[in-house]
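Reading the structure
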Amino acid sequence: MITNRSFRLRLTFWSLSRRRSRLLVALTGVTAGATVLLGLLTLCYDLPRQLGREFRAYGANLVLVASGTGRLTVSDIQKAQALWPENKTVGVTPFRYESVRNRLRPYTAVGTDFEQVRKTSPFWHLTGKWPEEPGELLVGADIAENTDLKPDSFVTLDGRNKKQERYEKDFRIVGTLATGGPEDGFLFMTLSDLEQMTGETGEADLAEVSLTMDEAALSALTGIIKSSISGLEGRLVTKVTYSETAVLSKLTYLVYLVTLVVLALTMICVTTTMMTVVLERRKEIGLKKALGAESSRVGREFLAEGLLIGVLGGLLGSLGGLLFSRIITISVFGRALMPQFYLIPVTVLVMVLVTIVACRAPVKKAVAVDPALVLRGE
Amino acid sequence: MSAILEIQNVSKIYGGVKALQNIQLLVPQGQWLAVMGPSGSGKTTLMNIIGCLDTPTSGRVIMDGLDLGSLSHSGLTAIRRESIGLIFQEFHLISYLTALENVMVAQYYHSLVDENEALEALAGVGLKERAKHLPRQLSGGEQQRVCIARALINHPKVILADEPTGNLDETNERLVMFILHRLHKQGSTIIMVTHAPDVAAHAERIIVLEHGRLASDRENNPVVSQPSEQKSADSRAEELNQNQKSEESFLAGTMAAV
């Protein structure tokens, strides 16, 4: 049995479903708006993560050092790693510096973890190969250019440890390193080779940490590190974090601006369509009023149509938005984003609000239609 | 017989144009009144005022004992909903609703929708079989009959028909007039605007407006179904399209009733 309530719903449904061309125009506008809205909101959410990974190509954004004059211990670095989420870690690279000599000429030897280096300093340009076996050495580009320490040659390094005991070890040069920075003047070997050579283990001068976190989160992390591990201090690499924050905030601002423009355009589209609908249906509105419909009732019917378009367009657009943002991130960043499903109800709600605002003027026009026009045959 | 409608010294002025001037009219319950006159004579203005779609500049309109001048906008809407059935020259059916739904719309704005009652109303105008058709799938005559069913569904006190046959061919004009005859016989008050003398000839009373004034008001011996017309019912039925079987049976039924 059809009740007044179900008849009202059917009237709204029929009005849209049997006038498909108009419905399609309005629905396309709202759907496009919702698609861009959800797509951009998702990008806004995911942009720091995606760009954060891109920024990691410029090097570490946090350095762990000993708070006093001493050295870090490897166990302190491991403890610190437990203070941030593992999924935010790009890499943690320990560095230990020692003064060594080759045929009386002084050099700085650096012991490190080359697997981690490739993660925290992807900008290092290597000619040759990474040291993998014990006794393999990388030389900085400046050294290779100015001395006879060339790839594939053998070199003996010697020096004295903290106890002033003399040490000596043979290495084979397997590659040349160019960074354009101070690294070009160093000799690089694995940390275990350096430890074996000096006879001192479990220490490092600093650790470069690359995390997908923004400046605020990193600042908070430095505080946590300081209070959690005595003798260990975290310092921001400000030239990286500052640039990252500046670029991200500008990009986010731009995306929000585009989102606002899209919402405004959607509103104009819906208003125009609904206005056209009102003009096309002046006789129908006049007829309804002539049949005894109150103006407010006619207004509510138009609003209901608008709301239905808003909900439908919001839902369809949300699906489109998920797809849109996925395509963007894959094509721009080469990685799929994490879909934020809670943004779907947010998008639908926003589109409903946009539609309500957009329908205000058309509804006002609809309720002002003179019912006498149906008798005048206008 | 008591008056369903009383118009006392009604004038309507739009800007400087006097659309109606001092109209006096008493319409008894159950009367079929035809309003005639040339274009611009004030027919539509009078219909708008009677139909509560407009208000007079001066004078009083009393419908079923109620002074319409005392009513608010919403009160006039209620009178329109409760007491008046409108039949239009251009039918004014809602294009995306079926014949049945178009009738139910009037129920919806009046009180409660009742599908069976709406179907009965369509059956009363011979369109039960066409209930599920959209207006574009109906002929002009069928659309006008849907319009009539819609006007009657809420049992109005007064039926206002504005050129009800103006857009119809001769066959459909006869059908519509038969329906109006039947309604009149059942006691409905009909006020019909027409410019066609042969249509006005069906009414009991004919008034003529000229320049907004009542130029004439006369009783009429209405054209009822003539014996010759009854005889030719079958031949008229043959004039109808063979697909319009419902119209044929309806015509025969209507003729018998008239």
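See the structure printed just above.
Residues numbered from 1 in each chain as written. Chains lettered and ligands numbered in written order. Predicted model: local features only at pLDDT ≥ 70, side-chain atom pairs only at ≥ 80, totals over all residues. Heavy atoms only, no water.

Okay, the overall build of chain B next. A tally of regular secondary structure across chain B gives 10 helices and 10 strands. For chain B, the residues scored as buried account for 58% of the 258 residues in total. Residue pairs in contact within chain B that sit at least 24 positions apart in sequence constitute 69% of those at least 6 positions apart. Total accessible area on chain B stands at roughly 10600 Å², and carbon and sulfur atoms take up 48% of it. (Helix = DSSP H or I, 4+ residues; strand = E, 2+ residues; numbered from the N terminus. Buried < 20%, exposed > 50% of the residue type's maximum accessible area, 1.4 Å probe, protein only. Contact = heavy atoms within 4.5 Å. Areas by Shrake-Rupley, 256 points an atom, 1.4 Å probe, with all protein chains shown as cover.)

Another point: the pairing of strand 7 (residues 158–162) of chain B. Residue and element names in this part refer to chain B. The element strand 7 is largely enclosed, with a buried count of 5 among its 5 residues. Burial of the side chains of strand 7 extends over both faces: Val 158, Leu 160 and Asp 162 are buried on one face and Ile 159 and Ala 161 on the other. When strand 6 (residues 84–87) meets strand 7, the two strands line up parallel, connected through 4 bridges. Counted as the bridge partner of Ile 84 is Val 158 from strand 7. (Pairing = 2+ DSSP bridges.)

To continue, consider the sheet that holds strand 9 (residues 205–210) of chain B. All names here are of chain B. Taken in spatial order, the 6 strands of this open sheet run 6-7-8-3-9-10, and their pairing is mixed. The open sheet terminates on both sides in strands that have one partner only, identified here as strand 6 and strand 10 (213–219). Between one strand axis and the next, the sheet turns through 15° on average, direction left out of account. With 4 bridges connecting them, strand 3 (residues 32–36) and strand 9 associate as parallel partners. Residue pairing in the sheet places Met 36 in a bridge with Val 208 of strand 9. (Axes fitted to C-alpha atoms, helices over the stretch in contact; angles between N-to-C directions.)

Right, let's talk about the nonpolar core for a bit. The biggest cluster of nonpolar side chains holds 115 residues, and the ones touching the most others in it are Leu 122 and Ile 191 of chain B. Residues contacting Leu 122 of chain B, with those up to four places away along its chain left out, are Ala 99, Leu 100, Val 103, Leu 127, Lys 128, Ala 131, Val 146 and Ala 149 of chain B. Formed by 18 residues, the second largest nonpolar core is a distinct cluster that contains Ala 80, Val 209, Met 213 and Ile 229 of chain A. (Core = buried A, V, L, I, M, F, W, Y, C linked by side-chain atoms within 4.5 Å.)

Turning to the packing of aromatic side chains, a few remarks are in order. For the structure shown, the criterion picks out 9 aromatic pairs over all chains. Note on Phe 7 of chain A and Trp 14 of chain A: the rings are 5.9 Å apart at their centroids and 80° apart in plane angle, and the pair reads as edge-to-face. Residue classification places Phe 7 of chain A among the buried residues on the basis of a relative accessible area of 0%. Judged by its relative accessible area of 10%, Trp 14 of chain A is buried. Within the aromatic cluster, the residues linked to one another by ring pairs are Phe 95, Tyr 97, Trp 124, Phe 186 and Phe 188 of chain A. Over the ring of Phe 171 of chain A we find Lys 169 of chain A; its NZ or CZ atom is 5.6 Å from the centre of that ring. Cation over ring: Arg 297 of chain A sits above Tyr 108 of chain B, and NZ or CZ is 4.3 Å from the ring centre. (Phe/Tyr/Trp six-rings, centres within 6.5 Å; stacked < 30°, edge-to-face > 60°. Lys NZ or Arg CZ within 6 Å of the ring centre and 35° of its normal.)

Time to look at empty space enclosed by the protein. Here the structure, examined in full by the defined rule, presents 3 cavities of 30 Å³ or more. Approximately 90 Å³ is the volume found for the largest cavity. Every residue lining the largest cavity is listed: Ala 290 and Leu 291 of chain A together with Arg 80, Arg 81, Ile 84, Gly 85, Leu 86, Ala 106, Arg 150, Ala 151, Asn 154 and Pro 156 of chain B. Going through the elements one at a time, helix 2 (73–83), strand 6 and helix 5 (140–152) of chain B are the ones with two or more residues in the lining of the largest cavity. The element that contributes the greatest number of residues to the lining of the largest cavity is strand 6 of chain B, accounting for 3 residues. Partitioning the lining of the largest cavity into residue classes produces 7 nonpolar, 2 polar and 3 charged. Here the second largest cavity is characterised by a volume of approximately 50 Å³. Sorting the residues of the lining of the second largest cavity by element identifies helix 2 (20–55), helix 8 (238–280) and helix 10 (295–333) of chain A as the ones contributing at least two each. (1 Å grid on protein atoms, 1.4 Å probe; cavity = no way out; pocket = protein on both sides within 12 Å on 5 of 7 lines; lining within 4 Å. Points joined across faces, edges and corners; volume = space filled by probe spheres on them. Nonpolar A, V, L, I, M, F, W, Y, C, P; charged D, E, K, R; others polar.)

For the rest of this paragraph, the subject is the pattern of salt bridges. Taken as a whole and judged by the stated rule, the model has 30 salt bridges over all chains. The partner of Lys 129 of chain A in a salt bridge is Glu 132 of chain A, with the nearest N and O atoms 3.9 Å apart. (Salt bridge = Lys/Arg side-chain N within 4 Å of Asp/Glu carboxyl O.)

Counted residue by residue, helix 6 (residues 191–198) of chain A has 6 buried out of 8 residues, so it is predominantly covered. Of the residues flanking the end of helix 6 of chain A, it is Gly 199 of chain A, one or two places downstream, whose phi is positive at about 80°.

Glancing now at the interface of chain B and chain A. Between chain B and chain A, the residue contacts involve 30 residues of the former and 31 residues of the latter. Across the chain B/chain A interface, buried area totals approximately 3000 Å², and carbon plus sulfur atoms make up 61% of it. Ranking the residues of chain B by area buried against chain A places Tyr 96, Tyr 108 and Tyr 109 of chain B at the top, with a combined share of 30%. Taken together, the connections running from chain B to chain A amount to 3 salt bridges. A salt bridge links Glu 294 of chain A to Arg 81 of chain B, with the shortest nitrogen-to-oxygen separation between them at 3.6 Å. Here chain B and chain A share 11 residue pairs in polar contact (both at pLDDT 80 or more) between them. Mapped onto the side of chain B that touches chain A, the elements with two or more residues apiece are helix 1 (43–50), helix 2 and helix 3 (99–110) of chain B. When residues in the side of chain B that touches chain A are grouped by element, the largest group, 6 residues, is from helix 3 of chain B. Along the lines of polarity and charge, the residues of the side of chain B that touches chain A split into 15 nonpolar, 8 polar and 7 charged. (Buried area = accessible area lost by both parts, 1.4 Å probe. Polar contact = N/O pair within 3.5 Å; in protein donor to acceptor, adjacent residues only side chain to side chain.)

Residue and element names in this part refer to chain B. Considering the arrangement of structural elements, one finds Gly 187 in the loop between helix 6 (170–185) and strand 8 (189–193). Judged by its relative accessible area of 36%, Gly 187 falls in the partly exposed class. The sequence separation of Gly 187 and Gln 31 amounts to 156 residues, and the corresponding C-alpha distance is 8.0 Å.

This next bit is on the layout of surface pockets. Residue and element names in this part refer to chain A. Each pocket or cavity is described by its volume, and for the largest pocket that value is around 410 Å³. Around the largest pocket, the lining comprises 20 residues; the ones closest to its centre are Ser 121, Phe 123, Glu 183, Glu 208 and Lys 239. The set of elements that each furnish at least two residues to the lining of the largest pocket consists of strand 3 (89–102), strand 9 (186–190), strand 11 (206–211) and helix 8. A class-by-class count of the residues in the lining of the largest pocket yields 13 nonpolar, 4 polar and 3 charged.

What follows deals with helix 10 of chain A. An ideal rise of 1.5 Å per residue puts 57 Å on 39 residues; helix 10 of chain A measures up with 54 Å between its terminal C-alpha atoms. At the exit of helix 10 of chain A stands Gly 334 of chain A, carrying a positive phi of roughly 75°. (Expected span 1.5 Å × (residues − 1).)

All names here are of chain B. Orientation of helix 3 relative to helix 4 (residues 115–124), taken along the N-to-C sense of each, is 115°, at an axis distance of 9 Å. The hand of the helix 3/helix 4 crossing is right-handed. Only Glu 115, Glu 117, Ala 118, Leu 119, Ala 121 and Leu 122 of helix 4 make contact with helix 3, whose side of the interface consists of Ala 99, Leu 100, Val 103, Met 104 and Gln 107. Per-class residue counts for the contact of helix 3 with helix 4 are 8 nonpolar, 1 polar and 2 charged. (Left-handed = near helix turned anticlockwise from the far one by under 90°.)

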